[in-house]
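Results of the structural survey
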Amino acid sequence: MSRIFSGIQPTGNLHLGNYLGAVRNWVRLQHDYESIYCVVDLHAITVWQEPAELRRAIREVTAILIAAGIDPKKNIVFNQSQNPDHAQLAWIFNCVARLGWLNRMTQFKEKAGKDRENASVGLYSYPNLMAADILAYKATHVPVGEDQKQHLELARDIAQKFNNDFGVPGFFPLTEPLILGEATRVMSLRDGAKKMSKSDPSDYSRINLTDDADAIAQKIRKAKTDPEPLPSEPAGLEARPEAKNLVVIYAALADTTVAAVLREVGGQQFSAFKQRLADLCVEKLGPIAGEMNRLIADTAYLDAVLRDGAGRARALSRPILDEVMDIVGFVRA
Ligand code: TYM
């Protein structure tokens, strides 16, 4: 049976990269798979989070997921800390994964930066918790943006080593990443070599899902480009990362391909194209922001969604964890 799991951190602002690389695909996949979507608050605290802000962000992300079209009745939507099975399985995976594997993780290197000695242990073992998120449900497919690919390969390595070490072939599935659409890696609007990120200090580097029409238009107008007009074919975008990024965003939002967009706009100046892009962004994101603002006021509803989701999640993970306990050799009295 196919089962989807995916997660999103409640830190900072959700942005267009999160939407095009992940959330929009979740909305589309929810009809074809049994789907579990998780607000990963345990992952969030691998770097310091102000408690009141974290609580607000968990609810805001929940509201955005629902506003974007995820049906919390048909699917499971919950916050990670409300199902203790994730942390329990993560501990076991801490004892399965090898230091050498974690040392290769590029996200840790990027996030820890030069001050590695001062990074939390949680930031280092972060991918083990991510493997536990997925494998606590024996999820078979994980829709993510391209930046999570290495973490998913690690989850497969952990699954395989667990299965081998304990002589339980096929117990954990080797999960497949689903990296879908034109915009699997949306780049910063200020620097085409950096990915669009919640942690970029410049708000002009990203379009937040909470931005209003004026903010979206202004950010796109100010987005870095080059002086050349748009090319007529995708090959003309190579070595023009900022130009390429804007065309990729347009293609993804319009649900078409880069080649099709360029057939239409090739030869135009960026000023005209940016206006079109801003209009399309407002058309697609405006309704999500509106619905999110309505939902965010209803804390009781959001908390009920998370509570209900956590209960249903735990009902799925508990029997799997019980089996894991038996396999590892713990006594369950
Ligand atoms: P997070 O919160 O950084 O991002 C959530 C999702 O958004 C995608 N994404 C992007 N896609 C395209 N372009 C971008 N610029 C961009 N930035 C972010 C991410 O690939 C991701 O799919 N470790 C994960 C959360 C996580 C998880 C999991 C994911 C925890 N447990 C289990 C899948 C399965 C993370 O930090 O995502």
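Residues numbered from 1 in each chain as written. Predicted model: local features only at pLDDT ≥ 70, side-chain atom pairs only at ≥ 80, totals over all residues. Heavy atoms only, no water.

1. Observations regarding the pairing of strand E2 (residues 34–39)
Sheet faces and side chains relate simply in a regular strand, where the side chains alternate between the two faces. Condition: Think of it in three bands: with a 1.4 Å probe and only protein chains considered, a residue is buried below 20% of the maximum accessible area for its type, exposed above 50%, and partly exposed in between. Working definition: helices are DSSP H or I runs of at least four residues, strands are E runs of at least two. Numbering for both runs from the N terminus. When the strands point away from the viewer, a crossover counts as right-handed if the route from the first strand across the helix to the second turns clockwise. Following DSSP output, two strands are said to pair if at least two bridges run between them.
Most of E2 is tucked away: five of the six residues are buried. Between the parallel elements strand E1 (residues 3–8) and E2, the chain passes through helix H1 (residues 16–29) in a crossover that is right-handed. Pairing of E2 with strand E3 (residues 76–79) involves four bridges; the strand directions are parallel. Bridging across to E3, Ile 36 finds its partner in Ile 76.

2. With respect to the nonpolar core
As a reminder, the rule being used: Put simply, buried Ala, Val, Leu, Ile, Met, Phe, Trp, Tyr and Cys residues joined by side-chain atoms within 4.5 Å make one nonpolar core. The source of the domain bounds is an automatic or database domain assignment.
Core analysis: the largest hydrophobic core is formed by 64 residues, its most contacted members being Leu 16, Leu 20, Phe 273 and Leu 285. Sort the elements by how many residues they give to this core and helix H12 (residues 270–296) lands first, with ten residues. Three or more residues apiece are contributed to this core by two domains, here domain 1 (3–184 + 299–328) and domain 2 (203–294). Of all hydrophobic cores here, the second largest spans 46 residues; its members include Ile 92, Phe 162, Val 168 and Ala 310.

3. Some thoughts on the packing of aromatic side chains
For clarity, the threshold we go by: The pairing test for Phe, Tyr and Trp rings, Trp by its six-membered ring, is centres within 6.5 Å, and the orientation test on the planes gives stacked under 30 degrees, edge-to-face over 60, and tilted for anything in between. Only when the NZ atom of a Lys or the CZ atom of an Arg is both within 6 Å of the ring centre and within 35 degrees of the ring normal do we say a charge sits over the ring.
All told, the structure shown has eleven aromatic pairs when counted by the stated rule. Ring geometry for Phe 93 versus Phe 172: centroids 5.6 Å apart, planes at 75°, classification edge-to-face. Here Phe 93, found in helix H4 (residues 85–94), pairs with Phe 172, found in the loop between helix H8 (149–165) and strand E5 (176–178); they are 79 residues apart in sequence, far enough to count as distant. Per residue, the accessibility class of Phe 93 equals that of Phe 172, and both read buried. Relative to Phe 273, the ring of Phe 270 has its centre 6.0 Å away and its plane inclined at 85°; by these criteria the two rings are edge-to-face. Remark: Phe 273 and Phe 270 occur in helix H12; sequence separation between them is three residues, near one turn of the helix. For the pair Phe 270 and Phe 273, a shared accessibility class is recorded, and that class is buried. An aromatic cluster of three or more residues is present, and its members are Phe 93, Phe 162, Phe 166, Phe 171 and Phe 172. Just above the ring of Tyr 204 sits the side chain of Lys 222; from NZ or CZ to the centre is 5.6 Å.

4. What to know about the side chain of Thr 140
Short version of the rule: Whether two residues touch is decided by their heavy atoms; if any such pair falls within 4.5 Å, the residues are in contact.
Secondary-structure assignment places Thr 140 in the loop between helix H7 (121–135) and strand E4 (141–143). Contact partners of Thr 140, with chain neighbours within four places excluded, come to Met 1, Ser 2, Arg 3, Thr 175 and Glu 176.

5. Considerations on the domain arrangement of the protein chain
Applicable threshold: When two parts are put together, the accessible area they lose, computed with a 1.4 Å probe and summed over both, is reported as buried area.
Segmentation of the protein chain into domains returns domain 1 (3–184 + 299–328) and domain 2 (203–294). On a C-alpha basis, the centres of domain 1 and domain 2 stand 30 Å from each other. Taken residue by residue, the interface counts 15 residues in domain 1 and 20 residues in domain 2. Roughly 1500 Å² of surface becomes buried between domain 1 and domain 2 when both sides are summed, with 71% attributable to carbon and sulfur atoms.

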